[in-house]
Structures are given as C-alpha cells and as structure tokens.
Protein chains: 2
Amino acid sequence: MPVRGQYAKGIAKREEILDVALELFTKKGYDRTSVREIARLAGLSQAGLLHHFSTKEELFIEVLRRRDVRNREEFRSSHGDPNSIRRLVSIVRHNMTQPGLVRLYVTMSAESTDVDSTARSFFVERYRSLRAEVAKDVRAQQRLGELSAELDPDAVASLLIAAADGLQIQWLLESDGPDMGVLMEQLWTALRHVP
Amino acid sequence: MPVRGQYAKGIAKREEILDVALELFTKKGYDRTSVREIARLAGLSQAGLLHHFSTKEELFIEVLRRRDVRNREEFRSSHGDPNSIRRLVSIVRHNMTQPGLVRLYVTMSAESTDVDSTARSFFVERYRSLRAEVAKDVRAQQRLGELSAELDPDAVASLLIAAADGLQIQWLLESDGPDMGVLMEQLWTALRHVP
DNA sequence: GTCTATATTGGGATAGAC
DNA sequence: GTCTATCCCAATATAGAC
C-alpha cells in the first residue's frame, strides 16, 4: 500500500522537524528562530516545512505540546514517586542538567502572558493542571499528618510552583549560585514545620 | 545661554523617548517593538531617535536602568518600612496594579538569561543586590528572634524572591487567580513558624 | 510531499541636508 | 538635533511546477 508509506514518511519528517524546532527554539527563543533555519537543519526548504505546519505559531505550539507530553511520561515512569511534591523537587533537579530547555520554558511562559499570545491558553491550562496535581498531594500529605491541616492546599501548590519557576531564572543567570534542588527541599521542609 | 537651552531640550526629548519606549516594550516585548514605532509615538523620526540612543539595545538598557532607579526611589520613600521582606510583599501588592510593567520585567528577565544578551549583566547584578538586601534583613529578623536562627539567610532570600517572581507569571496568566500578596504573606508566616 | 521562485512586509542602521 | 531618503537585510508566507 503506497499510501501507508507516504503517511509514514510524512510522520517521520514531521517528527524530525519538531526535534530541530525544539532545539532551535530552546537555543535562541521564539522570535530569533526563523522557519528557514529550522527547515534547513531538518533537511528541507522553508516551503517544504510549511507543508507540515502552515504557520510558525502552529509549529511552535506543537513543539510545546509534544515536549510537555514527553516530560510527563518521563516523570511518571522513571520517578515513580506518587508524591508530586517530591516529584516537583526531582523535576527541578533534573532540569539542572538541561539549561536550554529550562530557558525555553521560562521565556515561553513569560511571552505567553501576552493577551494575544497563541501559547497563552496552553500555559494557562498547564499551570492549572499542575496546581491541581500538587494541591491534591498536599491534601494527601495533610491526611498523613505530614503537613499541617491549617495550610491551604491551593496556596501551597501555587507557592511551590512559583518558587520552582523563580529559582530557574536566578539559576539561569548564575548557574554556580544557590542550588535549586536544595532550596526547594528547604522550602518543603519549612512548610512541614508549620504547626 | 543658548547652549543650556539646547541641552535642556535634548534631555527633555530623551525622557520622552524613554517614556514611550517603556510603554511599548511593556506592551509588546522587546522583539516586537520597533524603533520606528517608538520614534513615531515620541514625535520624531527613526533617525532622530537614533541620535539619542545609537542602537535599539542601548535604548532598551536605558529603559531598564531608569525603571529600576525609579522603583527603588518609590519604595524607599513611600513605604518607609525598614524591613525589606515586608517591603518585598508590598512591592508585590503594588505590582498588582501594573500588569504591563510586571510583564516587561518577567519577559525581560527571561530573555536576559540568553548568554549573549546585553541585558544579562543588568539582571545578574539586580538579583545579586536584591538577594543581598533581603538576606541582610533576614539576619536582622533572626537577631530580633522573629525568625529561626537555623534558617540560612541567603536561602530564604533566594526563595522569597523566587516565589515573588514565579507568582507573577501565574498571576499574569490568571489575574483572578490566587492573590499574590496574600500568598507572599503566607510564605513569610510559614517561614516564621520554622522552629 | 517537496521544490524554486517570488511577493510582500518590516526591521535596523546610515548618509547627508538643513 | 532633527529630517528625508535610502540601503540592506531578513523574515513569513504564497504560487505553481514536479
């Protein structure tokens, strides 16, 4: 069936484009990355690329979406910790091996705060589900008596995620500064001490 | 003295340009703001503007520098609280009235993490001095017995600043979400409970 | 599905007059 | 100090052939 072969080829090329795009967006940010360059590194022309993703923004959203899916898969399988708070800490640690990727997320989430940004809804949804996930685990920890029942689970979730995000900026600016992983653990410890 | 008049005029125009530039960078970010547009809104031509700031980056750095100076002045005078931690909380509260400006800082600090960014050293220095200022107050609070002597002042400083930064992103994405000011106070309260 | 060629737009920066 | 005019470059996107 020739049709099947064509599909397979198209899909493979799509993946290759997404790989290259991730790499370039990561390295240089959205605005400074051209579709031309992505195309060249993926081994086709600009027009060829735009056959797969008809606009630059569409391509970009796909990159984000795929990256997020992979992140979640990775941490569900390799770090089987059912406590998403500890998982958050280990994600932060893991991120310290991938400055380029961290930079992509930091810059993209910042840019997505533009009211007209196409990526905005992606990030709104991402934070919403992340907060819900962490808040759920905070409640679990409260039931286990690990965490004071006085604490507002949603507030704690917001703060943990905010701290992780904010530390990334400081770390990107001074990689030999304070250790993000250690700081996150100290925060978690402090919260556990609240009576 | 005609010379004096010329200087005064030049300085006034410079200020006007910086005002407009701040507004536009704030609204659309660095890359999507053109020198042309800034010039037009400041009532001169692009070439005219580039007489005052010879490159776009130079203009940008000046915008940041001036904004930072004004911020510091404002909070030293109007919020005379000698405790920079409470001052940090009140800055966060104040920021909630200025989403555009918050967006500028969030996007610019994110972009500045590029190794080749001209603004990088500006932000590195900014975080360094901010951390030092907050850490100093943490030590003062420890001497007053308000805060556990076990806590590492530098770590607490990093975390407080990180939380403030991170919350801004969540707030920009969902302005009717959790209240940044309240959350910052909860964090501060939690830290004070650490034995 | 991929190409070449091109339309179209917009940007930063400079030259030189006033 | 400010202008007009222009250079030069890069970008996105489209048209149409293969």
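The text that follows walks through the structure, step by step, so that each part is easy to find.

Scoring rules and cut-offs
- Residues numbered from 1 in each chain as written.
- Chains lettered and ligands numbered in written order.
- Predicted model: local features only at pLDDT ≥ 70, side-chain atom pairs only at ≥ 80, totals over all residues.
- Heavy atoms only, no water.
- Axes fitted to C-alpha atoms, helices over the stretch in contact; angles between N-to-C directions.
- Helix = DSSP H or I, 4+ residues; strand = E, 2+ residues; numbered from the N terminus.
- Parallel < 35°, antiparallel > 145°, perpendicular 65-115°, else oblique.
- Left-handed = near helix turned anticlockwise from the far one by under 90°.
- Contact = heavy atoms within 4.5 Å.
- Nonpolar A, V, L, I, M, F, W, Y, C, P; charged D, E, K, R; others polar.
- Least-squares fit on C-alpha atoms with pLDDT ≥ 70 in both.
- Buried area = accessible area lost by both parts, 1.4 Å probe.
- Salt bridge = Lys/Arg side-chain N within 4 Å of Asp/Glu carboxyl O.
- Polar contact = N/O pair within 3.5 Å; in protein donor to acceptor, adjacent residues only side chain to side chain.
- Near = heavy atom within 4 Å.

1. Focus on the packing of helix α6 (residues 99-111) of chain B against helix α7 (residues 120-143) of chain B
Any two packed helices are characterised by how steeply their axes cross, that is the angle between the axes, and by the distance between the axes.
Residue and element names in this part refer to chain B.
Phase 1 of the analysis: Closest axis-to-axis distance for the α6/α7 pair is 9 Å, and the angle between their directions is 110 degrees. With respect to α7, the axis of α6 lies roughly perpendicular. For the pair α6 and α7, the sense of crossing is left-handed. Across the interface between the two elements, Tyr105, Met108 and Ser109 from α6 touch Phe123, Arg126 and Tyr127 from α7.
Phase 2 of the analysis: Across the contact of α6 with α7, the residue classes break down as four nonpolar, one polar and one charged.

2. Structural notes on the relation of the copies chain B and chain A
Phase 1 of the analysis: The transformation that overlays chain B on chain A combines an axial shift of 0.0 Å with a rotation of 180 degrees, and the residual RMSD is 0.1 Å. Taken together, the rotation and translation describe the operation of a two-fold axis.

3. Looking at the interface of chain B and chain A
Phase 1 of the analysis: Every contact between the two is made by 41 residues of chain B and, on the other side, 41 residues of chain A.
Phase 2 of the analysis: Contact with chain A buries area across many residues of chain B, yet Leu159, Gln170 and Leu173 of chain B alone supply 17% of it, more than any other trio.
Phase 3 of the analysis: Counting every contact that joins chain B to chain A gives eight salt bridges.
Phase 4 of the analysis: The salt bridge involving arginine 128 of chain A is made with glutamate 174 of chain B; its shortest N-O contact spans 3.0 Å.
Phase 5 of the analysis: Across the chain B-chain A interface, the total number found is 20 residue pairs in polar contact (both at pLDDT 80 or more).
Phase 6 of the analysis: Of the residues forming the side of chain B that touches chain A, the biggest block, 13 residues, is contributed by helix α8 (residues 153-173) of chain B.

4. Thoughts on the protein's contact with DNA strand C
Phase 1 of the analysis: Of all residues adjacent to DNA strand C, which total 18 residues, the nearest are Ser45, Ala47 and His52 of chain A together with Val35 and Gln46 of chain B.
Phase 2 of the analysis: Near the protein, meaning within 4 Å, the atoms of DNA strand C are sugar or phosphate in a fraction of 46%, with bases accounting for the rest.
Phase 3 of the analysis: Within the side chain of histidine 52 of chain A, an N or O atom sits 2.7 Å from a phosphate oxygen of DNA strand C.
Phase 4 of the analysis: Interatomic distance of 3.1 Å between a side-chain N/O atom of lysine 56 of chain B and a phosphate oxygen of DNA strand C.

5. Considerations on the packing of α8 of chain B against helix α9 (residues 180-193) of chain B
Residues and elements named next belong to chain B.
Phase 1 of the analysis: Following both chains from N to C, one finds α8 and α9 inclined at 155 degrees, their axes separated by 10 Å at the closest point. When the interaxial angle is binned, α8 and α9 end up roughly antiparallel. For the element pair α8 and α9, the recorded crossing hand is right-handed. Facing Val156, Leu160, Ala163, Ala164, Leu167, Gln168 and Trp171 of α8, the residues of α9 in contact are Met180, Leu183, Met184, Leu187, Trp188 and Leu191.

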